[in-house]
Amino acid sequence: MKKQLSPNWLIPKSWLRFLVIILLVIGVFFRFANLDKKIYWGDEVFSSLRISGYMHSEMNEQLSNGRLISREDLQKYQYPNPEKNTIDTIKGVILEDSQILPLYILMARFWVEWFGNSVAVIRSFSAFISLLTFPCIYWLCQELFESSLIGWIAIALVAVSPIHVVYAQEARAYTLSIVAILISSVALLRAMRLKTKVSWCIYAATLSLGFYTHLFFILVAFAQGIYVIAIERLRLSKTSIYYLLSSLAGFITFVPWIWIIITNPQPEALTWANNKQTLFASAARWAGIFSRTFLDLGISPSDPGKLKIALIPFVLIILALMIYSIYVLCRRTSKEVWLFVLTLIGSLGLPLLVLDFVFQKRYTTSRYTLPSVLGIQLAVAYLFTTKITSISPKIWQKKLWSLVAFMVIMGGVISCMLHSQARIWWNQFPEKYQQYPQMANIISQGNKPLLISEAENILPPIQILGYLVDPKVRFQLVEKNQLPEVINGFTDIFLFKPSDFLKAGIEKIYNSKLQQINDLLWKIIKST
């Protein structure tokens, strides 16, 4: 789609490939480093429940009868076991989480069955899938730019991109959706180039793969349709006809799940997005989300304002680099190239932008902007390649852009280092879960500790604590407005997120007072 770039490098291409391989090794290392170090947070707990094959209602019924349960009893509902099979897993997704597409859940279940039940194992599946990003983005650069050099630079950027590493260590479908987006993009460009029936059938298969990976892939497929229509100039050409047939075939395979979503709606799945935010807050949020493509120091909404202010210059520089890279792409490449990148960026970016700034909702999160991130990384890879290989006689310009590329890469490496050593990161809602490791330590310090709570707290809070506390900790869970049976033999008894009814009842039946440790945790103090 574009003429080959002149290989006018300051360093030999063999050395460039060597440096990219080094960065690739670093990126792979950070994807698998300390997989079990970070807190296993709410979204991941929901993933594990779906993988286990149990339903939320079953778990509540079996755990909230007031009997003593161990950490192992809790984790029975987090991993596959002989009581539930693959059909049960699909049934749970259909009835309780229809907006979660089944492909990742099923693949993760098989992975855990093969390699064992642990946090590191289930997260390693996402890390393993993320490795497919490298050949896919290289292949995409070959199809889009007809340049292996841009492909190598794109691999380097993705290898140490903080946002890619963050989601490569999360037990969710995001890395699988990244791979699906890249594969479908390659398949589309290849089909438009080859114009064969087989290539269009392959594209239809990649659409089906994407549809069953993430619900928002529908918007990516729609953006691809806009691209084809624009390139074909609204003509009913052979390419347009093949595209329509392939899209129809891919969409038909997804119709059964659309019916499932309609008949089993889960409106509570988006309750987190109902909070309104100001235009300034939306702008700051968007700037932070996109800057994490290349620099991520783990700053979350709960961190002090001084830290956020200190990052503003770096965020502005990164945003300027992104905007300039898109400008250069649009000025120097053909319509087939720049339009593809723009539609990829806008596939989710534009709808989310409207929701955030027009309706002042908070739908945008980093995980939903991953298609836009991929498009931006393609543009930046093109920018760096063209600037560093420019035929301009001004050597200082090449050195300047080489320095810029080096700083971007180093920003990614530093970000990955910080992420690998952290106990909790911004994507795990530290404002909500920051206290959990500390609470788990307090509970586990007791000689014979007991944690009492109500059934509504089982998922995800109690399950999260189940991963953090010592095996000696016991749990007692009761339905709302019910009191637990007094069980003797425990030296330290705690209440987690107790209702006023439970607090008053516990003080009465245990003839004791309650000491508040923090907003979530209380401890029974025997009356003297």
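To keep things clear, this report deals only with the structure shown in the data block.

A word on the overall build of the protein. Helices and strands together make up the secondary structure of the protein, namely 23 helices and 6 strands. Computed over C-alpha atoms, the radius of gyration of the protein comes to 26 Å, within 12% of the 24 Å expected from 2.2 N^0.38 for 528 residues, which places it in the range of a compact globule. Counting all 528 residues of the protein, 56% fall into the buried class. Intrachain contacts of the protein at a sequence separation of at least 6 include 78% that bridge at least 24 residues. For the protein, the exposed surface amounts to about 23200 Å²; the carbon and sulfur share of it is 65%.

Here we come to the environment of Leu 95. With respect to the helices and strands, the residue Leu 95 is situated in helix α5 (residues 86-96). Assessed through its relative accessible area of 39%, Leu 95 is described here as partly exposed.

Spatially, the 6 strands line up as an open sheet ordered β1-β3-β2-β4-β6-β5, and their pairing is mixed. The open sheet has two free edges, formed respectively by β1 (65-69) and β5 (512-516), since each of these has just one partner strand. Ignoring which end each strand starts from, the neighbouring axes of this sheet average 25° apart. Alignment of β5 against strand β6 (residues 521-526), held across 5 bridges, turns out to be antiparallel. Among the inter-strand pairings, Leu 514 is bridged to a residue of β6, identified as Ile 524. Where helix α21 (residues 436-444) meets the sheet, it contacts β2 (449-454), β4 (492-496) and β6, and its direction lies at approximately 155° from that of β4.

Here we take up the packing of aromatic side chains. On inspection of all chains with the given rule, the structure shows 30 aromatic pairs. Here the aromatic residues Phe 211, Tyr 212, Phe 217, Phe 251, Phe 254 and Trp 257 are joined through ring pairs into a cluster of three or more. The aromatic ring of Trp 426 is capped on one face by Arg 292, whose charged end is 3.9 Å from the ring centroid. Sitting over the face of the ring of Tyr 368, Arg 367 holds its NZ or CZ atom 5.2 Å from the ring centroid.

Bringing the nonpolar core into the picture now. Within the largest apolar cluster, 139 residues are counted, with the highest numbers of intra-cluster contacts made by Phe 145, Leu 157, Leu 188, Tyr 227, Phe 384, Tyr 436 and Leu 451. Apart from residues no more than four positions distant in its own chain, Leu 157 is found in contact with Phe 294, Gln 377, Val 380, Ala 381, Phe 384, Val 408 and Ile 409. Formed by 11 residues, the second largest nonpolar core is a distinct cluster that contains Ile 452, Tyr 510, Leu 514 and Trp 522.

Let us look at the side chain of Ser 98. Counting through the fold element by element, Ser 98 comes out in the loop between α5 and α6 (102-115). Side-chain polar atoms of Ser 98 contact the backbone oxygen of Asn 264, separated by 2.6 Å. Beyond its immediate chain neighbours, meaning those up to four positions away, Ser 98 contacts Val 93, Trp 257, Ile 260, Ile 261, Asn 264 and Gln 266.

The omega torsion across Leu 459 and Pro 460 is 0°, close enough to zero to call that bond cis. Inspection of the secondary structure puts Pro 460 in helix α22 (residues 458-468). Of note, the phi angle at Asn 34 is positive, near 50°, even though the residue is not glycine. With respect to the element layout, Asn 34 can be found in the loop between α1 (13-32) and α2 (42-52). One non-glycine residue, Lys 497, adopts positive backbone phi at about 45°. By secondary structure assignment, the location of Lys 497 is in the loop between β4 and α23 (500-509). Residue Lys 497 is classed as partly exposed on the basis of its relative accessible area, which comes to 35%.

Their axes nearest at 8 Å, the elements helix α8 (residues 133-145) and helix α9 (residues 148-159) cross at an angle of 145°. As α8 runs across α9, the sense of the crossing is right-handed. Here Thr 133, Phe 134, Ile 137, Tyr 138, Cys 141, Gln 142 and Phe 145 of α8 come into contact with α9, specifically with Ser 148, Ile 150, Gly 151, Trp 152, Ala 154, Ile 155, Val 158 and Ala 159. Residue composition of the contact of α8 with α9, grouped by class: 11 nonpolar, 4 polar and no charged.

Before going further, it helps to examine the environment of Ser 499. Considering the arrangement of structural elements, one finds Ser 499 in the loop between β4 and α23. One polar contact links Ser 499 to Glu 454, side chain to side chain, over a distance of 2.8 Å.

A few words now on α5. Three or more residues of α5 are buried, namely Thr 89, Gly 92, Val 93 and Glu 96. The buried side chains of α5 occupy one side of the element, clustering within an arc of 105° when seen end-on. Next to the buried residues of α5 lie α2, α3 (56-63), α6 and α14 (238-263). Sitting at the amino-terminal end of α5 is Asn 85, which places a side-chain oxygen 3.1 Å from the backbone nitrogen of Ile 87.

What counts, and where the lines are drawn
- Residues numbered from 1 in each chain as written.
- Predicted model: local features only at pLDDT ≥ 70, side-chain atom pairs only at ≥ 80, totals over all residues.
- Heavy atoms only, no water.
- Helix = DSSP H or I, 4+ residues; strand = E, 2+ residues; numbered from the N terminus.
- Rg over C-alpha atoms; globule rule 2.2 N^0.38 Å.
- Buried < 20%, exposed > 50% of the residue type's maximum accessible area, 1.4 Å probe, protein only.
- Contact = heavy atoms within 4.5 Å.
- Areas by Shrake-Rupley, 256 points an atom, 1.4 Å probe, with all protein chains shown as cover.
- Pairing = 2+ DSSP bridges.
- Axes fitted to C-alpha atoms, helices over the stretch in contact; angles between N-to-C directions.
- Phe/Tyr/Trp six-rings, centres within 6.5 Å; stacked < 30°, edge-to-face > 60°.
- Lys NZ or Arg CZ within 6 Å of the ring centre and 35° of its normal.
- Core = buried A, V, L, I, M, F, W, Y, C linked by side-chain atoms within 4.5 Å.
- Polar contact = N/O pair within 3.5 Å; in protein donor to acceptor, adjacent residues only side chain to side chain.
- Left-handed = near helix turned anticlockwise from the far one by under 90°.
- Nonpolar A, V, L, I, M, F, W, Y, C, P; charged D, E, K, R; others polar.
- Arc of directions from axis to C-beta.

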